[in-house]
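Spelled out, the chains give:
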Amino acid sequence: NAGVTQTPKFQVLKTGQSMTLQCAQDMNHNSMYWYRQDPGMGLRLIYYSASEGTTDKGEVPNGYNVSRLNKREFSLRLESAAPSQTSVYFCASSGRQGTPGDTQYFGPGTRLTVL
Amino acid sequence: AQSVTQLGSHVSVSEGALVLLRCNYSSSVPPYLFWYVQYPNQGLQLLLKYTTGATLVKGINGFEAEFKKSETSFHLTKPSAHMSDAAEYFCAVSPIYNQGGKLIFGQGTELSVKP
C-alpha cells in the first residue's frame, strides 16, 4: 500500500513553461486535494475533487488547472509558470465524499522552482 | 471567514521538557480540529484530531490536545520532549458545514529540541 504518491519530486521551470504534477492514491478514496506550502503561510488549498468527475476551486486557484482522471488520479497543471508559483505542492486524499472532519492523507510533495 | 492562528512560528525546548504548541480558531460554530506533523522533506502526517466526544484527545508519539470551546483553542502538548519530536507542526480546522471537506491550516510552528 503506497498511499498517496506524487511525481516528480523536484522540478525547475523557466517562466512561461508548462508542466503537470501527478498524484495517485491506492486507498480507494473519494476525495482528493491539491495544496501549496509557502514559508510562514501554512498550506493553502488550490483545488479539490470531492468525487470522481467533480472539481472545485480552493483558496488560491489562479494560474492552475486540475483534472480528476479517474478515482485514483488527480493532476495539477501549470499552463504558464510564474516565479510566484515557486512552492512545495502537496496532494492529499480522504475516504468519504467531501466530508468535513474526514482525515486527509498526504503525499511526499513536489518541490517546484520557477526561474 | 474561518481562520487558524498558531502562536509562535518557532518554539525551542530542552529534551525532557514540556512541549506546548498553541492553536486558536475563529468560528462561532466549533469546527473539527486537527494537528499534523511534518518532518523535514516529508509530507504531513496526522497526529490527532477532534470531531466529537471527549475534549481531551490522545494521538501518536505521546502527544495530546484539548479542545476548549470557551477559549476557541486546541493546544498541543507532550509531557517530555524527545529529539525525534523536532519537526514542523500544523493546526488545521475543517468547518462543520464546509463543502468538500476542506482543511484550513495555521501557519505552522517549528519545534526545536535541544539536547
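Described in the following lines is the structure provided in the data block. It should be emphasised that the depicted structure is a prediction, and the values quoted were computed from it without experimental measurement. (Residues numbered from 1 in each chain as written. Chains lettered and ligands numbered in written order. Predicted model: local features only at pLDDT ≥ 70, side-chain atom pairs only at ≥ 80, totals over all residues. Heavy atoms only, no water.)

1. Some details on the sheet that holds strand E8 (residues 74-78) of chain A
Residues and elements named next belong to chain A.
Here comes step 1: If you trace the four strands from one edge of the open sheet to the other, you get E1-E3-E8-E7, paired in antiparallel fashion. The open sheet has two free edges, formed respectively by strand E1 (4-7) and strand E7 (64-68), since each of these has just one partner strand. The average angle at which neighbouring strand axes cross in this sheet is 20°, direction not considered. (Pairing = 2+ DSSP bridges. Helix = DSSP H or I, 4+ residues; strand = E, 2+ residues; numbered from the N terminus. Axes fitted to C-alpha atoms, helices over the stretch in contact; angles between N-to-C directions.)

2. Here we look at the sheet that holds strand E8 (residues 73-78) of chain B
All names here are of chain B.
Here comes step 1: Sheet architecture is open: five strands sit in the order E1-E3-E8-E7-E6, paired in antiparallel fashion. In this open sheet, the two strands that pair with only one neighbour each are strand E1 (3-7) and strand E6 (56-58). Across the sheet, the axes of successive neighbouring strands diverge by a mean angle of 20°, strand direction being ignored.
Here comes step 2: Here strand E7 (residues 64-68) pairs with E8 via five bridges, running antiparallel. Bridge pairing in E8 places Glu66 opposite His75.

3. Comments concerning the packing of aromatic side chains
When we look at a pair of aromatic rings, we describe it by the centre distance and by the angle of the planes.
Residues and elements named next belong to chain A.
Here comes step 1: For the coordinates displayed, the defined rule picks out 13 aromatic pairs over all chains.
Here comes step 2: Summarising the aromatic geometry, the rings of Tyr64 and Tyr89 are spaced 5.9 Å apart at their centres and angled 65° between planes, so their arrangement reads as edge-to-face. Residue Tyr64 is found in strand E7, and its partner Tyr89 is found in strand E9 (residues 87-94); the two are separated by 25 residues along the sequence. Here the two residues Tyr64 and Tyr89 agree in accessibility, since each one is buried. (Phe/Tyr/Trp six-rings, centres within 6.5 Å; stacked < 30°, edge-to-face > 60°. Buried < 20%, exposed > 50% of the residue type's maximum accessible area, 1.4 Å probe, protein only.)

4. Considerations on the interface of chain B and chain A
Accessible area lost during the coming together of the parts is what is often quoted as the interface size.
Here comes step 1: Contacts between chain B and chain A engage 25 residues on the former and 23 residues on the latter.
Here comes step 2: Considering only the surface of chain B that becomes buried against chain A, Leu44, Gly100 and Phe105 of chain B emerge as the three largest contributors, covering 26% of it.
Here comes step 3: Across the chain B-chain A interface, the total number found is zero salt bridges.
Here comes step 4: The interface formed by chain B and chain A holds seven residue pairs in polar contact (both at pLDDT 80 or more) in total. (Contact = heavy atoms within 4.5 Å. Buried area = accessible area lost by both parts, 1.4 Å probe. Salt bridge = Lys/Arg side-chain N within 4 Å of Asp/Glu carboxyl O. Polar contact = N/O pair within 3.5 Å; in protein donor to acceptor, adjacent residues only side chain to side chain.)

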